Amino acid sequence: MLTYSTIVTAGDFGPHVSKLVLALPEELREGMVDGRAFNVFATRTVRATGEVLLRQERGAQKALPSVGYVEAVRAYPCTPDGTPTYAGSHVVLELPECRLTKTIEGGVLGSRCLDNRYRVTLVEALCGAEAPLVGLVWDEKAGETCPEATGWHEARTTAGELALGYGYFEPDFAALDAPGRTLLGEPCDPVLGADKKVPLVLWLHGAGEGEGDAPGEVERAYLGNRVTALSQPQLQARLGGAAYVLVPQSPTVWMDTGTERLGTSNQSVYTASLKALVDEFVAAHPRVDADRIIVGGLSNGGFMTCRLLADYPGFFSCGLACCAPWFVESETPEELATLAKTPIWFVHAKGDELVPLERTALPLYHELVAAGGEAHFTLFDHVEDLTGVHKEPDGRNLRTFNHGVWIHVYNDQCDRDLDGSTVQVDGRPVTCWEWAGAQVRTER
């Protein structure tokens, strides 16, 4: 029985198995491996139950088992961890990003972690050292890695009124403090220094990544919508070179008031527990700069960003609220006054299918500006892939639903204010993450 391992990529449209690493009975060289020689059959099961996922695809009459064949788009020899090499006793099969490679399944109101299993059959002969290789079968999964999740950990707290599970990223200070390293190609000698403190980003997920009916899947809070982008070198550099990232998971949804879960009251039962978690985390991690605690989030988490800023003025250095359902008809003059005390950057798209722009972020932005607060607003006409990776059949950038504006936030593509001007810090144009990294609280 031959084994394989999977490599997961955290993409804009969710995490997916991007590579299978097959253990070979002998070493093969570059040019001896062809992806067409491998037959790949996928089976997706629900992690919580072990049952095969039933999914109703668009246009289908009923839900069907999520199984089927996946075509390898490329193959090459590699080391056991998947690194390409001229000759090796392992081979990588690169897989396309498609339904059968997705590892988290769901929508804006709920999701589940999946176990993706594969049966790989060698259907065409490959030239071996002594005899052609053919008919081999790989059907035992030996492990799974996600490079973007390096440095991430999971824990649970009971510090507040309600217990919360959370994921968090901790920078590699041993490497960052060492002289002679480089950051994105720029010399940094050293980038931090042993006594240098760094920002903390409190990031709040949307309704689909809460605990819900799948407890014990904290990774959905930070992998489901690629929060891991905040731990990658580009955004860490935007935040000043290094930053902690704290991602709590709501037991339900952040908009839960105890009597309703997706209403317009702007209230939540989780506010005090989130504040207690942040206090506990800062106390346990002395390299957090308490004057640079950034709060942000998407959708439900965008609402909770506003809620925390209203409840704890002078605690956070700034806020970053994406497609936030904070309803201005329900806010009080006192809430508006406290919101105006902390700089905030809104991101939204026209035609948002779930959060009406005209009742939420747009009038709130104008209210904050009128109240003398620092507020910025990046408004997209629609949401599409601006990276050039995903395309429509006619070659245009792939468009997705207009609520999914966090895609642009994670790709650091927000740098314009509502009037089209650039947002600047010290006379220099910045993106939303550069702006956030430069903010320091001025009120205690």
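This text gives an overview of the structure that appears in the document. For clarity, every value in this text was computed on a predicted model and none was experimentally measured.

This part covers the overall build of the protein chain. Helix and strand counts for the protein chain stand at 9 helices and 23 strands. Here the C-alpha atoms of the protein chain give a radius of gyration of 23 Å, agreeing with the 22 Å that 2.2 N^0.38 yields for 444 residues. Dimensions along the principal axes, computed over C-alpha positions, put the protein chain at roughly 80 × 60 × 45 Å. Per-residue burial for the protein chain yields a buried fraction of 54% across its 444 residues. The contacts in the protein chain between residues at least 6 apart in sequence include a share of 68% that link residues at least 24 apart. Of the roughly 19100 Å² of accessible surface on the protein chain, 50% is carried by carbon and sulfur atoms. The average position of the 37 basic charges and that of the 60 acidic charges among the side chains of the protein chain differ by 2 Å.

Quick look at the packing of aromatic side chains now. All chains considered together, the criterion is met by 18 aromatic pairs. For the pair Phe 303 and Trp 326, a centre-to-centre distance of 6.3 Å together with 25 degrees between the ring planes defines the contact as stacked. Linking Phe 303 in helix α5 (residues 300-311) with Trp 326 in the loop between β19 (318-322) and α6 (333-339), this pair joins segments that are 23 residues apart in sequence. Connected via pairs of aromatic rings, a cluster forms that spans Tyr 166, Tyr 168, Phe 173, Tyr 244 and Phe 281. One Lys or Arg, Lys 275, reaches over the ring of Phe 315 and ends 4.4 Å from the middle of that ring.

With that settled, consider the sheet that holds strand β13 (residues 164-169). Spatially, β12-β13-β17-β16-β18-β19-β20-β21 is the arrangement adopted by the 8 strands of the open sheet, whose pairing is mixed. Two strands close off the open sheet at either side, each with one partner strand: β12 (152-157) and β21 (375-380). When the angles between neighbouring strand axes are averaged without regard to direction, this sheet yields 20 degrees. Of the pairings in the sheet, the one linking β13 to strand β17 (residues 244-249) comprises 5 bridges and is antiparallel in character.

The subject of this paragraph is the side chain of Asp 289. With respect to the helices and strands, the residue Asp 289 is situated in strand β18 (residues 288-298). A relative accessible area of 17% places Asp 289 in the buried class. One polar contact links the side chain of Asp 289 to the main-chain amide nitrogen of Asp 291, over a distance of 2.9 Å. Beyond its immediate sequence surroundings of up to four residues, Asp 289 is in contact with Lys 197 and Val 198.

Moving on, we come to the side chain of Asn 402. Within the element layout of this structure, Asn 402 appears in the loop between β21 and α8 (406-410). Using a relative accessible area of 15% as the deciding quantity, one classes Asn 402 as buried. Of note is the side chain of Asn 402, whose polar atom sits 3.5 Å from the backbone oxygen of Lys 350. Residues within four places of Asn 402 in sequence aside, it is in contact with Ala 349, Lys 350, Gly 351, Asp 352, Glu 353, His 382 and Val 383.

What follows is about the environment of Gly 212. Looking at the secondary structure, you find Gly 212 in the loop between β16 (198-204) and α2 (219-223). Through-space distance from the C-alpha of Gly 212 to that of Gly 110 is 7.2 Å; in sequence the pair is 102 residues apart.

Time to look at the environment of Gly 14. With respect to the helices, strands and loops of the structure, Gly 14 is situated in strand β2 (residues 14-29). By relative accessible area, which is 6% here, Gly 14 ends up buried. C-alpha of Gly 14 to C-alpha of Glu 105: the two residues are 91 residues apart in sequence and 8.6 Å apart in space. If near-sequence neighbours (up to four positions away) are discounted, Gly 14 is found in contact with Thr 9, Glu 97, Lys 102 and Gly 224.

Looking now at helix α7 (residues 361-370). Buried within α7 we find Ala 361, Pro 363, Leu 364, Tyr 365 and Leu 368. In the core, the buried residues of α7 are packed alongside α5, α6, β20 (344-349) and β21. Immediately beyond the C-terminal end of α7, within one or two residues, lies Gly 372, with a positive phi of roughly 90 degrees.

Turning to unusual backbone geometry, a few remarks are in order. With phi around 65 degrees, Asn 266 is a residue other than glycine that occupies positive phi space. Its location among the elements puts Asn 266 in the loop between β17 and α4 (271-284).

Turning our attention to the pattern of salt bridges. Applying the stated criterion to the full structure yields 26 salt bridges. Its salt-bridge partner being Asp 34, residue Arg 36 comes within 2.8 Å of it at the nearest N-O pair. Between Glu 434 and Arg 238 there is a salt bridge; the shortest N-O distance is 3.3 Å. In this pair, Glu 434 sits in helix α9 (residues 432-438) while Arg 238 sits in helix α3 (residues 233-238), placing the two residues 196 residues apart along the sequence.

Another aspect to go through is α4. For α4, which comprises 14 residues, the first-to-last C-alpha distance of 20 Å matches the rise-based estimate of 20 Å (1.5 Å per residue) to within 8%. Where α4 is buried, its residues touch β12, β13, β16, β17, β18 and α5.

One finds Leu 20, Phe 38, Trp 203 and Trp 433 to be the most contacted residues of the largest nonpolar core, which totals 71 residues. Considering each element in turn, this core owes the most residues, 5 residues, to β2. Residues Leu 176, Phe 315, Leu 339 and Ala 340 belong to the second largest nonpolar core, which totals 47 residues.

Reading guide: rules and limits
Residues numbered from 1 in each chain as written. Predicted model: local features only at pLDDT ≥ 70, side-chain atom pairs only at ≥ 80, totals over all residues. Heavy atoms only, no water. Helix = DSSP H or I, 4+ residues; strand = E, 2+ residues; numbered from the N terminus. Rg over C-alpha atoms; globule rule 2.2 N^0.38 Å. Buried < 20%, exposed > 50% of the residue type's maximum accessible area, 1.4 Å probe, protein only. Contact = heavy atoms within 4.5 Å. Areas by Shrake-Rupley, 256 points an atom, 1.4 Å probe, with all protein chains shown as cover. Lys, Arg positive; Asp, Glu negative; His and termini not counted. Charge placed at Lys NZ, Arg CZ, Asp CG, Glu CD. Phe/Tyr/Trp six-rings, centres within 6.5 Å; stacked < 30°, edge-to-face > 60°. Lys NZ or Arg CZ within 6 Å of the ring centre and 35° of its normal. Pairing = 2+ DSSP bridges. Axes fitted to C-alpha atoms, helices over the stretch in contact; angles between N-to-C directions. Polar contact = N/O pair within 3.5 Å; in protein donor to acceptor, adjacent residues only side chain to side chain. Salt bridge = Lys/Arg side-chain N within 4 Å of Asp/Glu carboxyl O. Expected span 1.5 Å × (residues − 1). Core = buried A, V, L, I, M, F, W, Y, C linked by side-chain atoms within 4.5 Å.

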